[in-house]
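# What the coordinates show
Spelled out from the first residue to the last, the chains are:
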Amino acid sequence: SPTPLRVFLSYTGEDLHHHARAVAAALRTLYDVDDHVEWSSSGRRSVAECRRHVSECQVLVVFVAHRYGWVPSVAEQGDGERSITWLEVDEARRLGRPVLPFVIDPDHNWSLKHVEQLSDPTAGDRLERFKAQLNSSIRASFTT
């Protein structure tokens, strides 16, 4: 039998864990799904580990709502500007992998505790740049 397509699922865990679990369960009926929920007991994975997982997949599915998330420093192999999710998208594109972005519908009622720009305007500005970059390709909106 053919090897199932391997899909990497990228998202911010604090706000999208429930969404990602539902999507992963649905995808697992047809595909081999990799995500970062079970990676480490510390809750934070390395940039190198994320890049390796992305490289082992054929497709990256990314969910983006109202959190920018962890920004790895230069010492952590990031650039101090892009979130780990953005770095995963860039790595998939660098490798020629399809990126399927799902961005929260802007009209959907969302818990204010997960709207990062209310507590961190810099993260909010970066998130909007990331969403604009994702919007430059085919993408879909989600609510639930």
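Placed above this text is the structure.
Residues numbered from 1 in each chain as written. Predicted model: local features only at pLDDT ≥ 70, side-chain atom pairs only at ≥ 80, totals over all residues. Heavy atoms only, no water.

### Some thoughts on helix α1 (residues 13-27)
Compared with an ideal rise of 1.5 Å per residue, which puts 15 residues at 21 Å, α1 spans 18 Å between its outermost C-alpha atoms and falls more than 12% short. Where α1 bends most, at His19, the angle is about 35 degrees. Asp15, Leu16, His19, Ala20, Ala24 and Leu27 are the residues of α1 that are buried. (Helix = DSSP H or I, 4+ residues; strand = E, 2+ residues; numbered from the N terminus. Expected span 1.5 Å × (residues − 1). Bend = angle between axes of the 7 residues up to and from the residue. Buried < 20%, exposed > 50% of the residue type's maximum accessible area, 1.4 Å probe, protein only.)

### What about the nonpolar core?
Ranked by internal contacts, the top residues of the largest apolar core, which has 16 residues, are Leu60, Val62, Val89, Phe130 and Leu134. Secondary structure elements with two or more residues in this core: β3 (59-64), α3 (84-94), β4 (99-104) and α4 (121-135). One finds Val7, Leu9, Ala20 and Ala24 within the second-largest nonpolar core, a separate group that totals 13 residues. (Core = buried A, V, L, I, M, F, W, Y, C linked by side-chain atoms within 4.5 Å.)

### Thoughts on the pairing of β4
Pairing of β3 with β4 involves five bridges; the strand directions are parallel. Residue pairing for β4: Val61 is matched across the bridge by Leu100. With α3 bridging β3 and the parallel β4, this β-α-β connection has right-handed handedness. (Pairing = 2+ DSSP bridges. Right-handed = clockwise from strand over helix to strand, strands pointing away.)

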